[in-house]
Amino acid sequence: TQPGMCFGVFNTSDSQGSAHTSIASPWFSTAFGLIGLCSNLFALCVLLSSSRKLSSQARSSFLIFLCGLVATDFVGLLVTASVIIPYHFIKFAWAKVDPGCHLCNFLGFSMVFFGQCPLLLGATMAGERFFGINRPFSRSTSISKRRAWFIVGLVWGFSCLLGLLPVLGLGRYTLQYPGSWCFLTLLPNTGDVIFCLLFALLGIFSVLLSFIFNTVSVVTLCRVYHDRESVQRRRDSEVEMMVQLVGIMIIATICWMPLLIFIVQTVLQQLPASGQLQVLPMETQKMLLIYIRMVTWNQILDPWVYILFRRAVLQRIYPSLRPRHSILSLYP
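Residues numbered from 1 in each chain as written. Predicted model: local features only at pLDDT ≥ 70, side-chain atom pairs only at ≥ 80, totals over all residues. Heavy atoms only, no water.

Going by what an unreviewed UniProt entry lists, the protein is known as Thromboxane A2 receptor and is assigned to Eubucco bourcierii. We quote the UniProt Subcellular location (unreviewed entry) comment for the protein here in full: "Cell membrane". (UniProt positions renumbered as here; feature names shortened; annotations may be inferred.)

Here is the structure:
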């Protein structure tokens, strides 16, 4: 990366007066970071404890996907907070500390990698449950633990390749308002537009795919739930997994879709000004920061979906919940 290539996308002088407002408050970032880290750490402990007691292979593979999701959120918050929070308190001059843009590229890569991973993992989990519920005998066995971890590794690898594209020359990571973080560049340059659309459309596709898979799975479960003939095996775990999966999907949709749609709209609206617009308008910079703050809630709320929507918790809230029967009993 050429020196200074990651700077200049937002007007530093215009942001000096407003950088200390609540939207860029150091306490805001610190509180979000600490709550998210504690939530994900707690969920990881509960996940590891639950996985040791399981005999169901379908449930154990689902827990592995969940573990990959929570671990991704935890490390993502840890990495990004370790750069962003010190900036808010120290107010270091980024151009002096990182003239070669190496730290900016690393932070931008982290934002893309740890942002895209949960969306892809959510779609992967929805697909696994879709085939597990609707085609339970299309595979000889449920996904083994080794294969589940391999799939999680593939998602991590794919997201890593996506995040490395600007480093390899497609698009740029640039410093964003209020100067504390780096992200993809919403300017009408060809490389930036392609990378922005690739990131945003892939995220939108993942959310839509999750919605389709989960909707079909829920409809199937509802049909089975009222089928009088299915009275032989337990199906508690199928319902529990789908409740958690739908919760993850709803949170991802609410937190991510505004940002993804905003990215697509912004780069497409700026295309007529290709080559002319070199600095993002202040309003665009502020909106981008607001949408990123919304995305942060995804990493905070994801672990609580698992923590709160487990059978042990639900049965305490609703004692009338009784064991049900397995969807497998539908099939001869």
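Draft legend 1. Summary view of the packing of helix α5 (residues 102-134) against helix α6 (residues 145-168). Close contact between α5 and α6 brings their axes to 8 Å; oriented N to C, the two are set at 145°. In this structure, α5 crosses over α6, and the sense of that crossing is right-handed. Contact with α5, carried on its side by F109, V112, F113, Q116, C117, L120, L121 and T124, involves I151, V152, V155, W156, F158, S159, C160, L162, G163 and L164 of α6 and no other residues of that element. Classifying every residue of the contact of α5 with α6 gives 14 nonpolar, four polar and no charged. (Axes fitted to C-alpha atoms, helices over the stretch in contact; angles between N-to-C directions. Helix = DSSP H or I, 4+ residues; strand = E, 2+ residues; numbered from the N terminus. Left-handed = near helix turned anticlockwise from the far one by under 90°. Contact = heavy atoms within 4.5 Å. Nonpolar A, V, L, I, M, F, W, Y, C, P; charged D, E, K, R; others polar.)

Draft legend 2. A look at empty space enclosed by the protein. Scanning the model with the defined rule gives two cavities of 30 Å³ or more in all. Space inside the largest cavity adds up to approximately 410 Å³. Taken together, 28 residues line the largest cavity, and the ones lying closest to its centre are T80, I84, M111, I292 and T296. Secondary structure elements with two or more residues in the lining of the largest cavity: α2 (26-52), α3 (57-90), α5, β2 (181-184), α8 (236-269) and α9 (282-308). Considering only enclosed or pocket space, the second largest cavity measures out at about 120 Å³ in volume. Around the second largest cavity, the lining comprises 14 residues; the ones closest to its centre are G122, S210, I248, M249 and A252. Secondary-structure elements contributing two or more residues to the lining of the second largest cavity are α5, α7 (190-225), α8 and α9. Among the elements that take part in the lining of the second largest cavity, α8 stands out by supplying five residues, more than any other. (1 Å grid on protein atoms, 1.4 Å probe; cavity = no way out; pocket = protein on both sides within 12 Å on 5 of 7 lines; lining within 4 Å. Points joined across faces, edges and corners; volume = space filled by probe spheres on them.)

Draft legend 3. Highlighting the pairing of strand β1 (residues 173-176). Of the pairings in the sheet, the one linking β1 to β2 comprises four bridges and is antiparallel in character. Each residue of the ladder has a partner; that of Q176, found in β2, is W181. (Pairing = 2+ DSSP bridges.)

Draft legend 4. Representation of the pattern of salt bridges within the structure. Enumeration according to the criterion identifies two salt bridges in this entry. The shortest N-O distance in the salt bridge between R172 and D192 comes to 2.8 Å. Of this pair, R172 sits in the loop between α6 and β1 while D192 sits in helix α7, placing them 20 residues apart in sequence. (Salt bridge = Lys/Arg side-chain N within 4 Å of Asp/Glu carboxyl O.)

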